[in-house]
Amino acid sequence: MLNRFKRRLRRHFIDKGVWPIAFAPYGNNPFEVTPGEVSKETYLDLGRKARKSIPPEFLQNVEEAFHSLPQENFIHDLALSTQVVVKQSELLYLHGYLLYGALRTYVDERPDQKTFNLLETGTARGFGTVCMAKALADAGASGKITTVDILPSEEAIYWNCIQDLDGPRTRIELLEPWKDLVENHIIFLQGYTNIVLRQLGLPRIHFAFLDSGHEYETLKMEIEYVAKRQQPGDVIICDDYDKAQFPGVVKAVEELLSSNEYGGRLFKGDDERGYMYCRRRNEV
Ligand SMILES: C[S@@+](CC[C@H](N)C(=O)[O-])C[C@H]1O[C@@H](n2cnc3c(N)ncnc32)[C@H](O)[C@@H]1O
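First things first, this report covers the structure right here in the doc. (Residues numbered from 1 in each chain as written. Predicted model: local features only at pLDDT ≥ 70, side-chain atom pairs only at ≥ 80, totals over all residues. Heavy atoms only, no water.)

### Brief notes about the pattern of salt bridges
Close approach of charged atoms allows side chains of opposite charge to pair.
Here is step 1: Counted under the stated rule, the structure contains 12 salt bridges.
Here is step 2: As a salt-bridge pair, D234 and R204 come within 2.8 Å of each other at their nearest N and O atoms. Here R204 lies in the loop between α9 (193-200) and β4 (207-210) and D234 lies in the loop between α10 (216-227) and β5 (235-238), a separation of 30 residues in the sequence.
Here is step 3: Judged by relative accessible area, D234 falls into the buried class, the value being 0%.
Here is step 4: Between K220 and E255 there is a salt bridge; the shortest N-O distance is 2.7 Å. Of this pair, K220 sits in helix α10 while E255 sits in helix α11 (residues 247-258), and the two are 35 residues apart along the sequence.
Here is step 5: Note on K220: relative accessible area 25%, which makes it partly exposed.
Here is step 6: Classification of E255 as partly exposed rests on a relative accessible area of 27%. (Salt bridge = Lys/Arg side-chain N within 4 Å of Asp/Glu carboxyl O. Helix = DSSP H or I, 4+ residues; strand = E, 2+ residues; numbered from the N terminus. Buried < 20%, exposed > 50% of the residue type's maximum accessible area, 1.4 Å probe, protein only.)

Structure, rendered in structure tokens:
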């Protein structure tokens, strides 16, 4: 009980970006699953269940909107290392399909654009960022995704995933099977977004996926940072658009959409989870 309270308190301060990075929960076991306690079969089983729970309507909606979906094997192999974890809520990695489809369309619609700047906040194990890198690669585009998290990329830790069975590893090692995508397209930065973004100096962000702290203040700051650097047609996707669980996410996104600078489309995963696709309007 006390531990749960402490965890919630820590999460709250992490979301606010005020928990000192020195005490950030990355130790070498940030996800708090005792290494060795979960078997390979358990992770494989969770992976099979997650794969079966993908709602076909969601894929249809993404395909209708964006005309392309990632290869099934790519998504599920990547998810097994980066999304299939032991946690209380249901495993659902639909954002991979949405990020891939929306970015492919964005790139395909701009054949004269030489390179693309992307931003992700909240890297975790790297699922979202590798999906976006794959979309760039499949479209034959050049571009860089800057992705920010308080978790490190080059310290060996346990990630609460199937690869933990072979010992702790860095994020770069975890993503070794997707090495080419990582090398060509991804820049990992460590720190709180409210500090790192100020130091970035990105002049333009064509496409952003915002998925770090789910508090209102954190997302509001990230949205403002990105919106200042976007032009008509540019995109912001926000994860976890769910009023019951993440009222701060919904409030920050609604404020963006109410300004009328962006049009929004909600992609609903299940009763609880949605992803808001926001596109900067041509005329305000
Ligand atoms: C929901 S996960 C991101 C999932 C990831 N986008 C994916 O596709 O797998 C949220 C991540 O945000 C990080 N995070 C939370 N608050 C943050 C903040 N204020 N600044 C940077 N990272 C933060 C957490 O450490 C966690 O790894």
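### What about the site of the ligand?
Here is step 1: Lining the immediate environment of the ligand, one finds 21 residues, of which Q83, H95, G122, D149 and D211 sit closest.
Here is step 2: Within the side chain of D211, a nitrogen or oxygen atom sits 2.8 Å from a nitrogen atom of the ligand.
Here is step 3: One of the backbone N or O atoms of G213 is found 3.3 Å from a nitrogen atom in the ligand.
Here is step 4: Protein contact buries 88% of the 600 Å² of open area that the ligand shows by itself.
Here is step 5: The dominant element in the shell around the ligand, judged by the number of residues it contributes, is helix α1 (residues 2-15), at three residues. (Near = heavy atom within 4 Å. Polar contact = N/O pair within 3.5 Å; in protein donor to acceptor, adjacent residues only side chain to side chain. Areas by Shrake-Rupley, 256 points an atom, 1.4 Å probe, with all protein chains shown as cover.)

### A few points about the nonpolar core
Here is step 1: F58, F207 and I237 are the most contacted members of the largest nonpolar core, which has 52 residues in total.
Here is step 2: Ranked by the residues each element gives to this core, the list is headed by helix α5 (residues 95-108), at eight residues.
Here is step 3: With near-sequence residues (within four places) excluded, F207 lies in contact with L99, A102, L103, Y106, N117, L118, L119, M132, Q230, V235 and I237.
Here is step 4: Membership of the second largest hydrophobic core comes to 26 residues, among which are A208, I223, Y241 and M276. (Core = buried A, V, L, I, M, F, W, Y, C linked by side-chain atoms within 4.5 Å. Contact = heavy atoms within 4.5 Å.)

### A closer look at the sheet that holds β4
Whether parallel or antiparallel, the strands of a sheet pair through hydrogen bonds between backbone atoms.
Here is step 1: With mixed pairing, seven strands are arranged side by side in an open sheet as β3-β2-β1-β4-β5-β7-β6. Bordering the open sheet on either side are β3 (186-190) and β6 (262-268), each of which pairs with just one other strand. Each strand axis lies, on average, 15° off the axis of its neighbour in the sheet, ignoring direction.
Here is step 2: Pairing of strand β2 (residues 142-149) with β3, which is carried by five bridges, proceeds in the parallel orientation. From the neighbouring strand, T146 faces β3, where its bridge partner is I187.
Here is step 3: Across the sheet, α9 is in contact with β1 (115-121), β2 and β3; its angle to β2 comes to roughly 145°. (Pairing = 2+ DSSP bridges. Axes fitted to C-alpha atoms, helices over the stretch in contact; angles between N-to-C directions.)

### Observations concerning the packing of helix α3 (residues 56-66) against α5
Here is step 1: It is at 9 Å that the axes of α3 and α5 come closest, and there the two elements cross at 10°. Accordingly, the angle class assigned to the pair α3 and α5 is roughly parallel. Contact residues: α3 offers F58, L59, V62 and F66, while α5 offers Y97, L98, G101, A102 and T105.
Here is step 2: Of the residues contributing to the contact of α3 with α5, the split by class is seven nonpolar, two polar and no charged. (Parallel < 35°, antiparallel > 145°, perpendicular 65-115°, else oblique. Nonpolar A, V, L, I, M, F, W, Y, C, P; charged D, E, K, R; others polar.)

### A few points about α3
Because an α-helix packs 3.6 residues into every turn, residues spaced three or four apart end up facing the same way.
Here is step 1: Within α3, the full set of buried residues consists of F58, L59, V62 and F66. Down the axis, α3 shows its buried residues gathered within 95° of arc, on one side only.
Here is step 2: Those residues of α3 hidden inside the fold are in contact with α4 (72-82), α5, β6 and β7 (274-280).
Here is step 3: Taken from the residues just after α3, H67 is the one with a positive phi, measuring 65°. (Arc of directions from axis to C-beta.)

### Notes on the pairing of β1
For a regular strand, side chains alternate in direction, first toward one face of the sheet and then toward the other.
Here is step 1: With five of its seven residues buried, β1 lies for the most part within the structure.
Here is step 2: Pairing analysis gives seven bridges linking β1 to β2, with the strands arranged parallel. Counted as the bridge partner of F116 is G143 from β2.
Here is step 3: One crossover worth recording links β1 to the parallel β2 by way of helix α6 (residues 127-138), and it is right-handed. (Right-handed = clockwise from strand over helix to strand, strands pointing away.)

### Some details on the environment of L210
Here is step 1: With respect to the secondary-structure elements, L210 resides in strand β4.
Here is step 2: Assessed through its relative accessible area of 3%, L210 is described here as buried.
Here is step 3: When the C-alpha atoms of L210 and I236 are compared, they prove to be 7.3 Å apart, with 26 residues separating the residues in sequence.
Here is step 4: In contact with L210, other than residues within four places in its own chain, are T121, L219, E222, I223, V226, I236, I237, C238 and D239.

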